[in-house]
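If you want the building blocks of each chain, they are given just below.
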Amino acid sequence: MRRLLCVHVFLCCLSMAHPFCPSQCTCVFHGRTDGAGTRSVLCNDPDMSDIPVNVPVDTVKLRVEKTAIRRIPTEAFYYLVDLRYLWITYNSITSVDTASFYNLKVLHELRLDGNMISMFPWESLKEMPRLRTLDLHNNRISSVPMEAIPFLLSITYLDLSSNKLATLPSELMDIWPPFNGAAVSTNASQKVVLGLQDNPWFCDCKISKMIEISKMTVTPVVLMDQFLTCSGPENLAGVLFQRAEIDNCVKPTVMTSATKITSPLGSNVLLRCDTTGFPTPSLHWSKSDGSTVDNTVQESPGDGIRWSIMSLTGILSKDAGNYSCKAKNVAGSAVATISLSVAGSISTTIPPVSTSNSTAPTSQATTLVPPTDNPNLSTVTLTVPPRTSTTIAAVVPKREKTTPSNIIQKGSLKQGKIQQGSNGRKLAADEKSKKSDSTKSVKDFKIVEETSDSAVLLWTADGIPNDAPLTVVYSPYGEDEIKRTVETNAGSGKLLLEGLSSGMQYSVCLIAKGSAAGKDPCVDFYTLDNVEDGGQNQLFIIISGIACALVLPLIALLLYKILALYCKVNNPGSDEEELEKESYVKFETISMKQRTMNPHPTELWARRQTNESERMLLCSRSSIDSQMTYKSDSSRSEYLC
């Protein structure tokens, strides 16, 4: 009795005991009227330097705020299996371990804002499969690797604002509509909230999708701040995302040579895909079941252009299906699909045991099926690819004598054919008609009315139905890699080829569906030279000749003047003589002769030559005195200049 009383007292004390709470934290239990409740713990002691390890195990919400904690160790919360909200905000955390959040299977909200985290372990998010809110704003994160994208698929609230992000991987936007191909929903519960403001964004083609989202009016991605701005390049610094125009950024477009191809069993097929875009897109082939195709060749002849060819050799029935060619660059992606069908499937099989002779339209081929329960019967299976759907069972008895197996099979096959009756004759007629169809072809294939950029193709269909499909393949001569195709029908008999280059040789072939390989008619032709270009060249030559005729004489005259001036400068003596002739006159002094006995008394004046100094003096004086006459008592000479 005493032992039972002790056990009862112990259980009562255990039920009244409360979980232990860390000394630097505050624990609050939020109870409800039904007796259930949740526990929250707040740790905000400035002297706390480590994550508390003795938090009650039934804690649902843990807040560690404004402490001196610098790192989150490995498996710091592994025992808090009921934890749904974890806030470690405004601390001094610089390091987060990859396994810091181990075993937080039901965590819904993780906030690490206001710390100094530069590298976040994105792979740690796989330990929190139910996480929907991730707040990393006001840290030092400078990049988000592409490896983080798979761990963000279930996040509906992502705050990366106030960090050092200059770019984001273009694939990040592909996880949300409309870039993931899903329809845009107006349901508010399905929207994703992104915080991207206050980052030094470099606006180039890598974040073109983010810029495109900022310009959308209806989108499932909601930006916390609609007025995001560019910090670079220099020509876009300070420009809003909504007004930014990115240069050299073009989404890819995909073109295929055909959308539907039908090829016979065992043949070789080439599927071509071309794309344009900037930066130059990459091309990837895949089948409808998701499997990739390896036997491809691709080349980029220039910036923004790429083509790829997929080769299928000896195709089988399993090769039929849809093949997708996907082009992708940082600006976006595009997909084109080619449907491949395999015709003429022929097989020889041994079907299950059948004991009845019946005719039923349940197959696309005619099969002879004998029963196998009789040991004296031989089994022969014949599968023919006709248009009828008939199944015939035939019983062929063996001969009693021992004969080679090949003789038995030939005899049984002959008997089976005899028993086919009218159905067998109909199949033979169909085969005969197919053989006769193969002899029908296209005749009188020729080119008429060639111009500088077009040509008219004519042909005559010999026995081919008017609605029979034809494919016209043409390309510059010797350049098979840039072939172009045009679909038409046999009854048209005429086709205009446009968009040709002037003065070039082209090769064109007309391919009929089901025609024998190597027997398609082909012809080569030349386009005419562009007359307008020739006329422009001739006009340019005439104008150039007239200009030369006018300019050359002027140039010759100018050269003559330059040479004359040069010669005149190099011969200064001639200039002085010329100046002397034009500027000076010869002076003579007229004076009274001495009174002597002169046999000729009439000559009262004598003449003598003046020297240079006298002449200059005379000229100077003459100019000063305005050619006045100077007289004196001793001389009556007059000086004139």
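Residues numbered from 1 in each chain as written. Predicted model: local features only at pLDDT ≥ 70, side-chain atom pairs only at ≥ 80, totals over all residues. Heavy atoms only, no water.

S.K.: Where do I start with the sheet that holds strand β14 (residues 269-278) in this structure?
M.R.: Backbone-to-backbone hydrogen bonds join strands into a sheet, with any given pair of strands oriented parallel or antiparallel. The strand order β12-β14-β17-β16 describes an open sheet built from 4 strands, whose pairing is antiparallel. The strands lining the two open edges of the sheet, one partner per strand, are β12 (250-256) and β16 (296-302). Each strand of the sheet is rotated relative to its neighbour by a mean of 20 degrees, with strand direction disregarded. In this structure, β14 lies alongside strand β17 (residues 305-312), joined through 8 bridges in antiparallel fashion. In the sheet register, R272 faces β17, and the bridge partner there is I309. (Pairing = 2+ DSSP bridges. Helix = DSSP H or I, 4+ residues; strand = E, 2+ residues; numbered from the N terminus. Axes fitted to C-alpha atoms, helices over the stretch in contact; angles between N-to-C directions.)

S.K.: Hey, could you run me through the environment of L497 in this one?
M.R.: Of note, L497 is situated in strand β27 (residues 494-498). The sequence separation of L497 and E450 amounts to 47 residues, and the corresponding C-alpha distance is 9.6 Å.

S.K.: How should the side chain of S161 be read in this particular structure?
M.R.: Take S161: it is sitting in the loop between β9 (157-159) and β10 (192-195). In this structure the side chain of S161 is engaged in a polar contact, spanning 2.7 Å, whose partner is the side chain of D159. Each residue touching S161, except ones within four places of it in the same chain, is listed here: H137, N138, G195, L196, Q197 and N199. (Polar contact = N/O pair within 3.5 Å; in protein donor to acceptor, adjacent residues only side chain to side chain. Contact = heavy atoms within 4.5 Å.)

S.K.: Looking at this structure, I do not really get the pairing of strand β25 (residues 469-476). What am I missing?
M.R.: Within a regular beta strand, the side chains point alternately toward one face of the sheet and then the other, so they alternate between its two faces. Where burial is concerned, most of β25 is hidden: 6 out of the 8 residues are buried. Direction of pairing for β25 relative to strand β28 (residues 505-512): antiparallel, over a ladder of 7 bridges. Of the residues in β28, the one forming a bridge with S475 is S507. (Buried < 20%, exposed > 50% of the residue type's maximum accessible area, 1.4 Å probe, protein only.)

S.K.: Just to check I follow, could you spell out helix α2 (residues 208-215) for this structure?
M.R.: Because each turn of an α-helix spans 3.6 residues, side chains separated by three or four positions in sequence point in the same direction. Summarising burial for α2: 6 of the 8 residues are buried, a large majority. Listing the buried residues of α2 in full gives S208, K209, M210, I211, I213 and S214.

S.K.: Teacher, can you tell me more about a nonpolar patch on the surface here?
M.R.: A surface patch of nonpolar side chains, amounting to about 870 Å² of accessible area, comprises I542, I546, L550, V551, L552, I555, L558, L559 and I562. Tracing the chain through its elements places L559 in helix α5 (residues 531-570). Among the residues examined, L559 registers a relative accessible area of 48% and is labelled partly exposed. (Patch = residues over 30% accessible without salt bridge, like charges linked within 9 Å, V, L, I, M, F, W, Y side chains within 5 Å. Areas by Shrake-Rupley, 256 points an atom, 1.4 Å probe, with all protein chains shown as cover. Salt bridge = Lys/Arg side-chain N within 4 Å of Asp/Glu carboxyl O.)

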